[in-house]
Each structure stands twice: as structure tokens, then as C-alpha cells.
Amino acid sequence: MIDLHTHTCCSDGTDTPEALALAADGAGLEALALTDHDTLEGLPAFLAQQPRVKARLIPGTELSCRFLGRSLHVLGLFVDPADRVLEGRLAEFRRSRTERNARMVARLNALGVALTLEEVEAQARGVVVSRVHMALALMAKGLVRSLPEAFDRFLGDQAPGYVPREELDPPTAARWIREAGGVPLVAHPGRFAGRSFGWDEAMDRLREAGMAGFEAYYGEYGPAEQAYFLDLAARKGMLPCGGSDYHGANKPHLRLGVGRGRLRIPGEVLEGLERARTGGAWH
Ligand code: AMP
Ligand code: MN
Ligand code: MN
Ligand code: MN
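Residues numbered from 1 in each chain as written. Chains lettered and ligands numbered in written order. Predicted model: local features only at pLDDT ≥ 70, side-chain atom pairs only at ≥ 80, totals over all residues. Heavy atoms only, no water.

In this structure, what is going on with the coordination of the manganese ion (ligand 2)? I would like to understand it.
Ideal values for angles at a metal depend on the geometry: 109.5 degrees with four tetrahedral donors, 90 or 180 degrees with six octahedral donors. Coordination sphere of the manganese ion (ligand 2), protein contribution only: Asp12 (OD), His37 (NE2) and His247 (NE2), at 2.1 to 2.2 Å. Sequence positions of the residues that donate to the manganese ion (ligand 2) give the spacing D-x24-H-x209-H. The distance between the manganese ion (ligand 2) and the manganese ion (ligand 3) is 5.5 Å. Taken together, the positions of Asp12 in the loop between β1 (2-3) and α1 (17-23) and His37 in the loop between β2 (31-34) and α2 (43-47) put the pair 25 residues apart, joining distant regions of the chain. (Donors = N, O, S within 2.8 Å, 3.2 Å for Na, K, Ca; no water. Helix = DSSP H or I, 4+ residues; strand = E, 2+ residues; numbered from the N terminus.)

It is not clear to me how the packing of aromatic side chains should be interpreted in this structure. Could you clarify?
For any two aromatic rings, the description comes down to two numbers: the centre-to-centre distance and the angle of the planes. If you walk through the whole model with that rule in mind, you get 10 aromatic pairs. Ring centres of Phe67 and Phe192 lie 5.8 Å apart, and the angle between their planes is 40°; on these two criteria the pair is classed as tilted. Note that Phe67 is positioned in strand β3 (residues 56-67) and Phe192 in helix α8 (residues 189-192), a separation of 125 residues in sequence. Exposure remark for Phe192: the relative accessible area of 5% places this residue in the buried category. Between Phe214 and Phe229, the ring centres sit 6.1 Å apart and the planes meet at 75°, which makes this aromatic pair edge-to-face. (Phe/Tyr/Trp six-rings, centres within 6.5 Å; stacked < 30°, edge-to-face > 60°. Buried < 20%, exposed > 50% of the residue type's maximum accessible area, 1.4 Å probe, protein only.)

For this particular structure, what's the right way to read the pairing of β2?
Working note: regular strand, side chains alternate between the two faces of the sheet. The side-chain alternation of β2 yields two buried faces, one formed by Ala31 and Ala33 and the other by Leu32 and Leu34. Relative to β2, β1 runs parallel, the two sharing two bridges. Of the residues in β2, the one forming a bridge with Asp3 is Leu32. Since β1 and β2 lie parallel, the crossover through α1 that links them has a hand, and here it is right-handed. As defined by bridge partners, β2 adjoins β3 across four bridges and the pair is classed as parallel. (Pairing = 2+ DSSP bridges. Right-handed = clockwise from strand over helix to strand, strands pointing away.)

Help me understand the sheet that holds strand β5 (residues 183-186) in this model?
Paired through their backbone hydrogen bonds, the strands of a sheet run either parallel or antiparallel. Spatial ordering of the open sheet is given by β1-β2-β3-β4-β5-β6-β7, a layout of seven strands whose pairing is mixed. In the strand order of this sheet, the two ends are held by β1 and β7 (239-243), each with one partner. Where strand β4 (residues 70-77) and β5 come together, four bridges link them in antiparallel fashion. Paired with Leu77 across the bridge in β5 is Val183. Together, β6 (213-218) and β7 form the strand contacts of helix α10 (residues 223-236), whose direction differs from that of β6 by roughly 155°. (Contact = heavy atoms within 4.5 Å. Axes fitted to C-alpha atoms, helices over the stretch in contact; angles between N-to-C directions.)

Got a minute to help me understand the site of ligand 1 in this structure?
Around ligand 1, the surrounding shell consists of Asp12, Arg97, Arg100, Ser130, Arg131, Val132, Phe151 and Lys251. Within the side chain of Arg97, one N or O atom sits 3.0 Å away from an oxygen atom of ligand 1. Measuring from an oxygen atom of ligand 1, one finds a backbone N or O atom of Arg131 at 2.9 Å. In isolation ligand 1 exposes 500 Å². Once the protein is present, 72% of that is buried. Of all elements in the fold, only α3 (84-110) and α5 (131-140) reach the threshold of two or more residues within the shell around ligand 1. (Near = heavy atom within 4 Å. Polar contact = N/O pair within 3.5 Å; in protein donor to acceptor, adjacent residues only side chain to side chain. Areas by Shrake-Rupley, 256 points an atom, 1.4 Å probe, with all protein chains shown as cover.)

Before we go on, may I ask you to explain the nonpolar core in this structure?
Within soluble globular proteins, side chains that are nonpolar tend to cluster in buried spots. Grouped together as the largest cluster of nonpolar side chains are 65 residues, with contacts concentrated most on Leu4, Trp199 and Leu273. Here the element with the most residues in this core is β3; it accounts for five residues. Within the second largest apolar cluster, 18 residues are counted, among which are Val129, Leu147, Ala150 and Phe154. (Core = buried A, V, L, I, M, F, W, Y, C linked by side-chain atoms within 4.5 Å.)

Sorry if this is basic, but what is going on with the pattern of salt bridges here?
Pairing of side chains with opposite charge becomes possible as their charged atoms draw close. Scanning all chains against the criterion turns up 20 salt bridges. Residue Lys236 pairs with Asp200 through a salt bridge whose shortest N-O separation is 3.1 Å. Of this pair, Lys236 sits in helix α10 while Asp200 sits in helix α9 (residues 199-208), placing them 36 residues apart in sequence. Judged by its relative accessible area of 32%, Asp200 is partly exposed. Measuring nitrogen to oxygen at the nearest pair gives 3.1 Å for the salt bridge that ties Lys236 to Asp204. (Salt bridge = Lys/Arg side-chain N within 4 Å of Asp/Glu carboxyl O.)

Given below as C-alpha cells:
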């Protein structure tokens, strides 16, 4: 059993990278990947735990793209954690968050919500400041009682405080990942669109954009979705991958390895991904 999609406090999760790595064996995992959004920050501390952990620890990241007018996430597994070019690209990409955060705070202020950018930034424990940190700041001030309430009332994609951020196009994300020795994979396609969507054609386009595969296993899929995306991967000749999308206490319903409880990703999935590696020489 493996888990190839998780987050720490370096982006929008709550565990430290060390604690996440040290939880792998207890969760019964043979392999665990850390895939924080827009950063490689947690990877050295995560990988440094390898001597203490039987599970294989794998570096990764998760990038946000724009595809067909909507947000599509892309995982880069096996990226070189010390790749300076990728780190520079991600630092620049994170600036779009900084600008967006300021605009969201201004909107919230206009709605009569007293929140400052400093209060939001004080909630972040790494270089990534996301909407989760806005939600935590609203909670800390007693303006909402829970994270879901913060998103429903103020921060969610349909809520009045929302401002979209700049996103990459899929070929750019795939190229950044490949140039850092990684394997580009579409994250949770089932969250982008359901089974009635024209996935056959869309996956052809994403493969042409450079994606090697996609998450056929995912912490929030039901059995029918998993079966559908496994079949789609076989039909398209693309690699299935998957993970829980664990975020610690920020998404308490998702547990390491098992997601909502029934996820079990077989170790063979990792063997397919290994074959797709482009020869990054970081390890
Ligand atoms: P950002 O990357 O800044 O757009 O923020 C995305 C973060 O907000 C992720 O951790 C999401 O899981 C979280 N998020 C987005 N929408 C919701 C929602 N409706 N309820 C709870 N968390 C959400
Ligand atoms: Mn997240
Ligand atoms: Mn995602
Ligand atoms: Mn994720």
C-alpha cells in the first residue's frame, strides 16, 4: 500500500515534514510522497527521515493549472528537491499568491470583515500562504467557527471574498516538472469533472501537454470513480497514480494512506511511475 499525494505545514497541511515521514510506517505504507503546493521547501526535512523509516520517501510537488477555463492540479513526482531552476520558477509562481492574497483581504475588508494580511501570514508556517491560512486567521479572530464556514461565507470559489489566482498552462507545468527530473501527472481528475465529462478527448489533450498519467486512485473517490479512472488509464495507455491528499487537521476526514477510509493503492503503481522517470539524477 502506498500514498503519493500529501501535504504538510509547508503548504496547506498541518504536520511538519518530519512528522509526516515518521507516520508512514505506522500507516502501513511501503511508499509515501510529499507533494506540497508550489514549493519544494519541506522536501529536505522529509527525505532526511529516510534512515528512520522503512517506507520509501519520494519527493514531489503539486501545481495549479488552467485547463478549459477551470482549475486543474498537476503533480510532479520524483522532482529533484535541490533543482534551483524549478525552485526559482516556483518562487516566481508564488508571487501570484501574494498578489491574490492582498486582493482577497481588500475584498473582505470592503465586505466589513476586519482582517489584515499580517494576520493571514502569521498563520502560515512555510513559504506558501493560501486560503486555508485566511480561514485559520478568521477563526483565530472569532469571525467564523470552522474552516468550512470560512469557505462557505467568505473564501470559497463561489463566495464573495474570492479572487482567482494566476495559474500555469498544462504544457508549462509538465515541462517544469520534467526539466526537474519529475513525472507530470494530473491530480484528482474526478474533482475537475465527473464521469459524464468527455474525458477521453480531454485526456488526449493532457497527454499531448506532457502528462504521463493521472490519479485513478484518490482519497475522495468512491468505488465507481476509481473503477472508471483505472479503466480510462488502461484505455489511454497512461499511468495510474494516486494518494489520499492528506492535509492533517486542515482536512480531518482524509487519513494518511486510506483517505476517507477505503483507499488502498497497490505498490505496483509505483513501478509504472519509475519506468516513466526522465532520468533526473538527484538520488
Ligand atoms: P488556495 O491554494 O489558496 O486557492 O487555497 C486552496 C486551499 O483551500 C486548499 O487547502 C483547499 O482544500 C482549501 N479549500 C478550498 N475550498 C474549500 C472549501 N470549500 N472548504 C474547505 N477548504 C477549501
Ligand atoms: Mn491543498
Ligand atoms: Mn489538488
Ligand atoms: Mn493536494
